[in-house]
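# Descriptive analysis of the structure
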Amino acid sequence: MRINHKIIPLITLLSGFISYIYAAPVAKGLDSALALRVVSLITAERYEDALSISDSLIDSRPHAPEGWFLRASVLSSRSIDFEDELDDPAFNLACDSVRSICNCLIDNGEDSAWVRFYLGSTMGYLSFKAMKNGRTLETLSKAAKMAAWYEETVKIDSSFWDAYLGLGVYYYQRSQRAGILRTIGLVSDRRKEGLRLLHICAEKGRFSALAARSNLAWLAIYREDYETALSIAEELLEQYPESRAFLWCLGRSRMGLKRWDEAIETYKKILTSVRQESRNNRYNEISCLHAMTTANAELNNWQEVVRLAGEALALEISVQVADRKSKDLKRLKKLHRRGLKKVAENIENKQD
């Protein structure tokens, strides 16, 4: 199974609030209560409520970055959750607005860490979007720009812990993906440094702690350290028991630990949640049914394998979803055939 589709991306899920005063912009502090409220709404998947906050900020101050940044954060998270591109036009507009306003602020002498942070985070969203669409060069280019803005952020303010999230993920993933180039020393190994920054953000980040902890869990899954991932996922779900983002992590951890029955129950919960949403392109349904089918095959529950695989294969999906889920669908077809054979063999054995 691929495990990267539900990572909370290079997202800090927060908002700084900077006023724009004509030709002399002045950076101000955070409205922490409002920012935390938006984080909570996003994590609870109450996207419309979160958007109402961002839109009210845009209405009141359209030439300031905070509302547009919040809007980009919400739309990025919703797009990842629903695995579709319905929000892309609005998301791109929000990102363009953030970059235009922040670059104008910098041109006018703004030296705030927050402006750099906005630019870094927005570039991170765009990098993740490019990665999902298979645009490798664009992904790498935007990720490098993201890291550069974050490095400027912490250079201005080394205690800007929330910026450590994006830097930590970037340092780790760049080193991890370097492969042989890292082994022979052409790319420095910054994986330990990346993990250290993520732990700092998880501990000290004001608004990015949840995202940092989630990323630590998924990176543990990459390393097949499923116990660590499970522990983090369970802690996160204590705060947000219905969060699909954290349930995906829990399910994958349980699959890695071969706790098949528990994994099935987790994916059942996700599947129920997905099917209750009016916005559903079946991508997440296929992911759940694929995981449940795999777990039941491990348990030799072949009638369930046939039922679940058949259910997944009968879903009406778009060409785009079929293409993105081609590996899962191929695996489901194989499991369906194997399940039918096993069921027939069991019937023959009983008759004998």
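Our subject in this report is the structure included herewith. Given the structure is predicted, the values throughout are model-derived calculations rather than measurements.

All right, on to the environment of Ile 317 then. Mapping Ile 317 onto the fold places it in the loop between helix H15 (302–313) and helix H16 (319–324). The partly exposed category is assigned to Ile 317, whose relative accessible area is 28%. On a C-alpha basis, the gap between Ile 317 and Tyr 283 in space is 8.1 Å, while along the polypeptide they are 34 residues apart. Apart from residues lying up to four places away in sequence, Ile 317 is in contact with Asn 281, Arg 282, Ile 286, Ala 322 and Leu 329.

Attention now goes to the environment of Ala 309. If you trace the backbone, Ala 309 turns up in helix H15. For Ala 309, a relative accessible area of 0% puts it in the buried group. Between the C-alpha atom of Ala 309 and that of Lys 333, which follows or precedes it by 24 residues, the distance is 7.1 Å. Aside from chain neighbours lying at most four places away, what touches Ala 309 is Thr 293, Leu 332 and His 336.

To continue, consider the pattern of salt bridges. Following the criterion strictly, the structure yields 30 salt bridges and no others. The residue Arg 78 makes a salt bridge to Asp 87 at a minimum N-O spacing of 2.8 Å. For the pair Arg 78 and Asp 87, a shared accessibility class is recorded, and that class is buried. Close ionic contact of Glu 152 with Arg 116 constitutes a salt bridge, the shortest N to O distance being 3.5 Å. Of the two residues, Glu 152 sits in helix H6 (residues 136–156) while Arg 116 sits in helix H5 (residues 113–132), which places them 36 residues apart along the sequence. Under the relative-accessibility criterion, Glu 152 is labelled partly exposed at 37%. Arg 116 sits in the buried class, given a relative accessible area of 10%. Overlapping salt bridges, with partners in common, bring together Arg 275, Arg 282, Glu 285, Glu 304, Arg 307 and Glu 311 in one network.

Conventions and cut-offs
Residues numbered from 1 in each chain as written. Predicted model: local features only at pLDDT ≥ 70, side-chain atom pairs only at ≥ 80, totals over all residues. Heavy atoms only, no water. Helix = DSSP H or I, 4+ residues; strand = E, 2+ residues; numbered from the N terminus. Buried < 20%, exposed > 50% of the residue type's maximum accessible area, 1.4 Å probe, protein only. Contact = heavy atoms within 4.5 Å. Salt bridge = Lys/Arg side-chain N within 4 Å of Asp/Glu carboxyl O.

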